[in-house]
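# Working through the structure, step by step
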Amino acid sequence: MNYTGVREVEVVVVGAGQAGLAAAFHLRRVGFEPDRDFVVLDHSPRPGGAWQFRWPTLTFEKVHGMHALPGMELTGADPLRPSSEVIGAYFERYERTFGLRVHRPVNVMAVREGGGPPPWTDPAGTLGRGRLLVATSEGDYAARALINATGTWDRPFWPRFPGQEMFGGRQLHSSEYRGPEDFRGARIVVVGGGTSAVQQLMEIAPVAAATTWVTRRPPVFREGPFDAERGRAAVALVEERVRQGLPPRSVVSVTGLQMTEAVRRAREGGVLERLPLFARLTPTGVSWDDGRTVEADVILYATGFRAAVDHLAPLHLREPGGGIQMDGTRTLRDPRVHLVGYGPSASTIGANRAGRAAVGDIRRLIAATTSRPVDAATELAGSLAS
Ligand SMILES: Cc1cc2nc3c(=O)[nH]c(=O)nc-3n(C[C@H](O)[C@H](O)[C@H](O)COP(=O)(O)OP(=O)(O)OC[C@H]3O[C@@H](n4cnc5c(N)ncnc54)[C@H](O)[C@@H]3O)c2cc1C
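These numbers were taken from a predicted model, which means no experiment stands behind them.

### Observations regarding the domain arrangement of the chain
For an interface, size is often stated in terms of accessible area lost upon the parts coming together. One can read the domain layout of the chain as domain 1 (6–153 + 306–384) and domain 2 (164–220 + 256–301). Centre-to-centre, using C-alpha coordinates, domain 1 lies 35 Å away from domain 2. On the domain 2 side, the residues contacting the 6 residues of domain 1 number 8 residues. Across the side of domain 1 that touches domain 2, the residue classes tally to 3 nonpolar, 2 polar and 1 charged.

Now the structure itself:
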C-alpha cells in the first residue's frame, strides 16, 4: 500500500475464467506470488468463469473441445452433468491446488493511466508512462501490467429491429435461456446462426407448439471433426481482422456449425429449416418485406456476444475500425495491456496459449523496467507447462 491507499502490484489479472486462470498459473510458475506480486479479480460469485451461468441442459457431453487448464487434467466428469457444475467444480479445485487466491466478487470498473496528477501519481516512477490504475469495488490497484481476461458473457448482443417495443410476447437472449420447459406449448422464433441457436432450437422443438429459425446468412454445416488444421484456419481468419484493427466476428462465421447425429435428425425432421432474417416485429409476431408473417409468443435472440472491455475505455485502445489492434496478446496502443481470451484466443485452447504468452511478454517488460530478475529456472518451468 502506498500513501494514496492504492495497492501496488506487478500485475492485475481481470477475470478468472479459462484465460485468467491460465495466466495466473503461468504467473505463479515464473515466480510471481499471488496477493504480493499479482492479483486475480473476478466479479462473478463462484469459480467457473462464464460456465457457471450456462443453462442446466448444456450438459458436459454437449460442449465440444473443452481443453483442460494447464497443469491439471479434467478427468472422470459425468457427461450428463451440467457443464456449469462440472467446470465450476474443476475450476474451484484448480484455484485451490495452485493457490491462485481469486478475489471475488470484485468488479473492475475502469483502468486508466496512473501517471496523471495526484492522487494518481506513478508511485514507483519506474515505467516511463507510469503504472496502470485499476479502479475496483475493493479499492484501487496500481499495476505495471494488466492481463484482461473478461470474456464476452457480460455483453450479450441484442440486435435492433423495428417494432421490437410493440411485440406483445416475451423477448430474451440465449444467455437467459434455462431449458426447454419455459417454452412448452409456445410458438418460438429463434434468431441467430450459431451453435447456441441450433442447440436451443433442438431442445425446444419437441415441446413447443411451433418453432421458426431465422438467420442473417445461410448456415454452413461442417462434416467431420473440428481438427487442428481447421482450428488453425479459423484462428488465422480472426487474427487477420484483429491485425487490421477490426472487431472480431462471430465464432460461427469462422468455424461453421458442427454436423452431429442429433443435428442430422433435426434437419430431417424440419427443425433446422432456416428462413432469412425478418424485417420487423409486429405486436403478435414477425414479418418480412414480401408480406410473409409468422405468429409468435417468444423471440429468442441467440445472437452472440461482444468482448466485455468497456472498463478499458479510458485507455483508448480502439482503432478507428472499432477493434483493438494487437501483437500476439499485447495491445499495440499500450504494451502493458494484454488481452487473453479475446479474438483469436477466444477458445479454451486459445485462452491457455494466450495466458502463457502474455506472462512471458509481461515478465520481460517488468525485467526491463525494474530490477526484478528473469530467473532461468523459473523461465524453464514456465516453458514446460503448456
Ligand atoms: C454457450 C457456449 C458454449 C461454449 N462452448 C465451448 C466449447 O465447447 N469449447 C471451447 O473451447 N469454447 C467454448 N465456448 C467459448 C468459451 O466461452 C471460451 O472458450 C472460454 O471458456 C472463455 O474463457 P474466458 O476466460 O475468456 O472467459 P469467461 O469464461 O467468460 O471468463 C471471464 C470472467 O471475467 C469476469 N469479468 C468480466 N468482466 C469483469 C469485470 N469488469 N470485473 C471483474 N471480472 C470480470 C467474469 O465474471 C468471468 O468470470 C463456449 C461459449 C459459449 C457462450
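### So, the sheet that holds strand S15 (residues 298–301)
Across a sheet, paired strands are connected by hydrogen bonds in the backbone, their directions being either parallel or antiparallel. Pairing in this open sheet of 5 strands is parallel, and the strands run S6-S15-S7-S8-S11 from one edge to the other. The sheet is open, and its two edges are formed by strand S6 (170–173) and strand S11 (274–276), each paired on a single side. Recorded for the sheet is a direction-independent mean angle of 25° between the axes of neighbouring strands. Inspection of the sheet shows strand S8 (residues 210–215) paired to S11 by 3 bridges, in the parallel sense. Residue Trp213 lies in a different strand from S11, and its bridge partner there is Arg274. The sheet strands contacting helix H3 (residues 195–204) are strand S7 (187–191), S8 and S15, and the helix crosses S7 at an angle near 165°.

### What to know about unusual backbone geometry
In this model, Arg104 is joined to Pro105 through a cis peptide bond whose omega is -10°. Within the element layout of this structure, Pro105 appears in the loop between helix H2 (83–97) and strand S3 (108–113). If you check the backbone angles, Asp35 has positive phi at about 70° while not being a glycine. Mapped onto the elements of the fold, Asp35 is located in the loop between helix H1 (18–29) and strand S2 (38–41). A tally of 13 C-beta atoms within 10 Å means that Asp35 is categorised as partly exposed.

### A word on the sheet that holds strand S12 (residues 280–282)
Reading across from one edge, S12-S13-S14 is the order of the 3 strands in this open sheet, with antiparallel pairing throughout. Lying at the two open borders of the sheet, with one neighbouring strand each, are S12 and strand S14 (293–295). Neighbouring strand axes in the sheet, compared pairwise and without regard to direction, differ in orientation by 25° on average. Pairing geometry for S12 and strand S13 (residues 285–287), over 3 bridges, is antiparallel. The residue bridging Leu281 from the neighbouring strand is Val286, located in S13.

Calculation rules
Residues numbered from 1 in each chain as written. Predicted model: local features only at pLDDT ≥ 70, side-chain atom pairs only at ≥ 80, totals over all residues. Domains from an automatic or database assignment. Contact = placed C-beta atoms within 7 Å. Nonpolar A, V, L, I, M, F, W, Y, C, P; charged D, E, K, R; others polar. Pairing = 2+ DSSP bridges. Helix = DSSP H or I, 4+ residues; strand = E, 2+ residues; numbered from the N terminus. Axes fitted to C-alpha atoms, helices over the stretch in contact; angles between N-to-C directions. Buried ≥ 20, exposed ≤ 12 C-beta atoms within 10 Å, placed from the backbone.

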